[in-house]
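A structural walkthrough
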Amino acid sequence: MATRRDVLKVGLASAAYSGVPKTAQSNLLFPDGFLPSWIYDPSPPATPFVAPLFEMPVAQPVPLSALNPAPDPLRHQRYDEFPPEKYYIQRIQEFLWQYHPEPPYNQGTWSWGFDGITPGATFHVNYRNEQNVGGAFVRRINELPPVGSQRARFALPSVTLHLHNGHQASESDGIPMDYFGPGEFWDHHYPTFPAGFDDREKLTTLWYHDHRLDFTAPNVYAGLSGFTLHFDEKDSNDETDTRAGAFRLPSGKYDVPLMLHDVKFDQNGQVVWDFFTPTADPTDPPPVPNSDYSYTVNGMLGDRFTVNRTIQPYFRVEARKYRFRIVNGGPSRFYDLSLRADSRLGRRRARRGERFYVLSTDGNLLPHPLIKRHITLGVAQRHDVIIDFSHFRPGDHVYLVNRLEMREDGAGPTGRYLDEGDLIMRFDVIPSEGDPSRIPDHMRDLPPINFDEVRKERLFVFDYDNGLWTINGKLMDPNRVDAAIEQGTAEIWTWRNAGNAWSHPIHSHFEEFQILERNGKPVPPYDVQHSRKDVLALGPNDEVKLFMRWRDFLGKHVMHCHNVVHEDHAMMIRWDIVPPGQGD
Amino acid sequence: MIEQDKPRLPEGSRRIDTNGKAELPPPAQARGGNAFPNIPLFAHTGERFRLYEDLIKDRIVVLHFFTIRGQKAFPSVRHMENIAKHLKGRLGSEVFIYSVSQDIRDTPARLKHFAARYEVPKGWYFLTALPEDVEALSDRLQRSACNHRGSHSPRMVHYGNGGVGMWGAFGVDSDPAFAAERVSWVATAEGPVPAGAPRRAGPRRLGNDFAHHNRET
């Protein structure tokens, strides 16, 4: 017979498991005492700034005839309307990668990447012009060893490659269930036109990365990430472009993508993932008696900062302007980046150069550049910035510094800013050969927000449930449609973080959103968040209202936390774009 | 596929070429370094096991924590029973389910009595251990198993390949057929990847269906 207490318990349980929870589960059940590996067993030392920055090559197209079988238009929405300008083949492989030249790193680290490198080659893709020339088609072939033979033992050699922020149809998006295993390939059609054919919706800096259901975090950590850059007649990849309206941003070797990943290594220089992978002798006593080895659900932090998969590199820069495209590749760390110069000109003069001209937020060009002393990057967030090294003299050193402290367990920032911080990389200034580049006064206006298009408002509450991360109390189920959105409509979404201690960088695929209000207030116009965004760092107890639209294609996509450890522990929903009249 | 020339590595690439060379020392496999506690466990069948040696090593494992008392609030074992139905055929040979009690009152005899309420195929064990051992295990797998004796049964299920050391997680109340599919992802491949041209995994030809993926079916 059910007692009164049992009835109460059932009542509580059903509040937690159906619909939006009444109380934040976080406050009830948060784990304590978690000790991640970077604390109890730090990575081997590596002298900073002895390894040069790895500069990824630009991906080279292949002739259409190299694709056998040929691309099949019947597999892609609107393929014939948007024929690709360029075709590519990319091979996903396992290899030894040298993160640093000193032992033990010099012997190589088992890594995953593309055609022998990580990050993979950088795709340069043109927006389609008036002659409808533009876009790309990428065939990705999985050449990883099968399960049981892979050396990166923590990662799953079944992958799906998402082009983050790309305006592409579901079947080319790289959603979590579109995986392909060793010996298989997947075709990605990138039509490369702005959403709604509105030039204000053009995208600039995108990145591609694995998105495998349950295994995104280990797969990206193993090395599956790279850049895709979009160009058009304004952002034309030519700093000497004399056409009217061309931005003339630093281009060629002065346009440098920087991918940040923090990585934890073992004493052999191999990558460590904090879960209970057996050792060669699984009955080994732990190196620290009674230490807490634990499966991590909170986050994964590394104690070696890598840029383009090089530990604390140096990069020679001429005393001129550079465009850097900075992506926080995760898995879990948030950064607050600033510049610190070690200049012969003295502090006061150097201070003039220690600033970023912020061009973009989340890879989307802003209405105009903003001058900022520091930029914050949650996982998967991007900023294109210009750094003007002409403020320095040859021989000067300029450091990229992270001052944001993370919780030890990786679940979010502590909120503290460190005085010294972490030195991420060093720029070594050398003489300039001239600088024809410009910093434009105007870039891309924001598309207007039209409330007449709004069909629906939705609330999403991000919470924690005993080791798993939930959205509206639910775990990711790719078979369940959590939002059926009518094509051509807009919606207002509210994202609420029910936790009071951790942060979630939330990402929704396919189209950007604009922030209507954050904790009840609008975003000031000269804030970098006053922009088109696809990732929003939702801090403890934050509540943010967004304006979002869905156009051009039908099909399934996802919205999820981009702390990929949270994502793999189910903090994700599926939403579908459905024909008008079929929405929920 | 047309065989292309082997792509040359870009200048500055840090790839270490192992072609024609013996493997470099030590190429230790990348690993988490988190050994399992090899604790003794007692099963509802009366058997006694060592966690790693007997239950994890070289097996596909589905593991969760529960308490008998907690089933009223959240019937995690009933959910697991549904998953077990979909794993039938593989259970007991390749795949094993471990339901580890966190309540010291759940003795092997009580677990046996409890298991009789469910359809428990071969390969599914209800397990208990000394309190400090259960605590060591639940600490290691999932710190948040809030309360080692408590009334709450966690929702999280760990699944993985004990031989390879690759682990994922899902909710015990997930779609049971899909949970069983997930378990198959981590199974060690039988033999090498077939030689020859790669096979198309997707996207499939467009249709009007709204399945949860775009793969070839």
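Residues numbered from 1 in each chain as written. Chains lettered and ligands numbered in written order. Predicted model: local features only at pLDDT ≥ 70, side-chain atom pairs only at ≥ 80, totals over all residues. Heavy atoms only, no water.

From N to C terminus, chain A includes 7 helices and 30 strands. Classification of the 584 residues of chain A by burial places 68% in the buried group. If you take every contact in chain A between residues at least 6 apart in sequence, the share linking residues at least 24 apart comes to 78%. For chain A, the accessible area works out to roughly 18,600 Å², and carbon and sulfur atoms hold 51% of it. (Helix = DSSP H or I, 4+ residues; strand = E, 2+ residues; numbered from the N terminus. Buried < 20%, exposed > 50% of the residue type's maximum accessible area, 1.4 Å probe, protein only. Contact = heavy atoms within 4.5 Å. Areas by Shrake-Rupley, 256 points an atom, 1.4 Å probe, with all protein chains shown as cover.)

On to the nonpolar core, then. One finds A:Phe462, A:Trp493, A:Trp495, A:Met559, A:Trp575 and B:Leu87 to be the most contacted residues of the largest nonpolar core, which totals 79 residues. Of the residues that make up this core, three or more belong to each of domain 1 (4–30 + 446–578) and domain 2 (64–242) of chain A. Every residue in contact with A:Phe462, bar those within four places of it in the chain, is listed here: A:Thr470, A:Ile471, A:Trp495, A:Arg496, A:Asn497, A:Ala498, A:Gly499, A:His504, A:Ile506, A:Leu538, A:Met559 and A:Met571. Residues A:Tyr88, A:Phe123, A:Leu161 and A:Val564 belong to the second largest nonpolar core, which totals 53 residues. (Core = buried A, V, L, I, M, F, W, Y, C linked by side-chain atoms within 4.5 Å. Domains from an automatic or database assignment.)

Residue and element names in this part refer to chain A. Burial analysis of strand 2 (residues 109–114) places 6 of its 6 residues in the buried class, the great majority of the element. Judged by which residues are buried, strand 2 turns out to be covered on both faces: Thr109, Ser111 and Gly113 on one side and Trp110, Trp112 and Phe114 on the other are all buried. Pairing of strand 1 (residues 86–97) with strand 2 involves 6 bridges; the strand directions are antiparallel. Note that in strand 2 the partner of Leu96 across the bridge is Trp110. (Pairing = 2+ DSSP bridges.)

Next up on the list: the sheet that holds strand 9 (residues 255–263) of chain A. Residue and element names in this part refer to chain A. Reading across the sheet, the 7 strands line up as 11-10-9-13-18-15-16 and stay open at both edges, with mixed pairing between neighbours. In this open sheet, the two edge strands, each paired with only one partner strand, are strand 11 (310–311) and strand 16 (364–372). As defined by bridge partners, strand 13 (residues 321–328) adjoins strand 18 (residues 382–388) across 7 bridges and the pair is classed as antiparallel. Within strand 18, the position partnered with Ile326 by the bridge is His383.

Residue and element names in this part refer to chain A. Under the criterion given, the structure shown has 48 aromatic pairs over all chains. Between Phe123 and Tyr208 the ring centres are 5.5 Å apart and the planes differ by 65 degrees, which places this aromatic pair in the edge-to-face class. Of this pair, Phe123 sits in strand 3 (residues 120–126) while Tyr208 sits in strand 7 (residues 205–210), and the two are 85 residues apart along the sequence. Its relative accessible area of 0% is what places Tyr208 among the buried residues. Linked through ring pairs, Tyr254, Phe315, Tyr322, Phe324, Phe389, Phe392 and Phe427 together constitute an aromatic cluster. Residue placement shows Arg140 over the ring face of Tyr208; its charged tip is 5.1 Å from the ring centre. (Phe/Tyr/Trp six-rings, centres within 6.5 Å; stacked < 30°, edge-to-face > 60°. Lys NZ or Arg CZ within 6 Å of the ring centre and 35° of its normal.)

Our focus in this paragraph is the sheet that holds strand 21 (residues 454–465) of chain A. Hydrogen bonds between backbone atoms are what pair the strands of a sheet, whose relative direction is either parallel or antiparallel. All names here are of chain A. Strand order in the open sheet made by the 5 strands is 22-21-24-28-26, with mixed pairing throughout. For this open sheet the edge positions go to strand 22 (468–471) and strand 26 (513–518), each flanked by a neighbour on one side alone. Pairs of neighbouring strands in the sheet enclose a mean axial angle of 25 degrees, with direction left out of account. Bridge count between strand 26 and strand 28 (residues 543–549): 5 bridges; the pairing is antiparallel. In the strand pairing of strand 28, Gln514 is matched with Phe547. (Axes fitted to C-alpha atoms, helices over the stretch in contact; angles between N-to-C directions.)

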